[in-house]
Amino acid sequence: MRLVITADTHVPKRAPDLPAPLWAAIEEADVVLHAGDWVDESLLDAMLARSRRLVGVYGNNDGPPLRARLPEVARVELDGLRVAVVHETGPRTRREERCAARFPDVDLLVFGHSHIPWDTRAPGGLRLLNPGSPTDRRAQPQATYLTARVAAGRLDQVELHRLPPR
């Protein structure tokens, strides 16, 4: 199962659309995970139309229309892998311990908000992934998103994709 993991897209405030390489990856993926800050419903509608399966949550920049359509936390099982998606996890200090306590029943936590790529493990094995942002790199050298594969309850081939400057 091929995954695309993205967050903090901020379309159309930070970019008029998603970068073409991300759209291509979305169209090829079996599942797309979006960890919030869509900003506009039109992007949600476009991703629903162009993806096979979309699992998303709202972020702090998402207003009432998006909050009416998306949960704050999404939980899904993907080929035996227990996944949670959330926008905010708080400060980086002690993030792993805090998230392991908040999500004791999952194998993978996908989060956003910081626009900083993140890939760590918490005590007990919870994996935390943040894809960064494909449209608003902030202090990062490049805009980013992630791809990965899931098979028989295992996540592997996690790859950070760096996008060319706009």
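Our subject is the structure that appears above.
Residues numbered from 1 in each chain as written. Predicted model: local features only at pLDDT ≥ 70, side-chain atom pairs only at ≥ 80, totals over all residues. Heavy atoms only, no water.

Here we come to the sheet that holds strand 4 (residues 73-78). With mixed pairing, five strands are arranged side by side in an open sheet as 4-5-6-8-7. Two strands in the sheet have a free side with no partner beyond their single neighbour: strand 4 and strand 7 (118-121). With direction set aside, neighbouring strand axes in the sheet form an average angle of 15 degrees. Direction of pairing for strand 6 (residues 108-110) relative to strand 8 (residues 127-130): parallel, over a ladder of three bridges. Each residue of the ladder has a partner; that of V110, found in strand 8, is L129. (Pairing = 2+ DSSP bridges. Helix = DSSP H or I, 4+ residues; strand = E, 2+ residues; numbered from the N terminus. Axes fitted to C-alpha atoms, helices over the stretch in contact; angles between N-to-C directions.)

With respect to the secondary-structure elements, R75 resides in strand 4. Distance from R75 to D156, taken between C-alpha atoms, is 19 Å for residues 81 residues apart in sequence. Within the structure, R75 has its side chain in polar contact with the side chain of D105 (distance 2.9 Å). (Polar contact = N/O pair within 3.5 Å; in protein donor to acceptor, adjacent residues only side chain to side chain.)

Position of L129 relative to the elements: it lies in strand 8. L129 sits 17 residues away from L146 along the chain, and the two C-alpha atoms are 8.7 Å apart. If sequence neighbours within four positions are ignored, L129 has contacts with I5, L108, L109, V110, F111, W118, D119, L146, L155 and V158. (Contact = heavy atoms within 4.5 Å.)

Formed by 21 residues in total, the largest nonpolar core has its most connected members in L3, L33, V83, V85 and L155. Secondary-structure elements contributing two or more residues to this core are strand 1 (2-6), strand 2 (31-34), strand 4, strand 5 (81-86), strand 6 and strand 9 (144-151). Excluding anything up to four places from it in sequence, L33 contacts L3, V4, I5, T6, V55, V83, V85 and V110. Counting residues in each nonpolar core, the second largest holds 20 residues, with I26, V32, W38 and Y145 among its members. (Core = buried A, V, L, I, M, F, W, Y, C linked by side-chain atoms within 4.5 Å. Buried < 20%, exposed > 50% of the residue type's maximum accessible area, 1.4 Å probe, protein only.)

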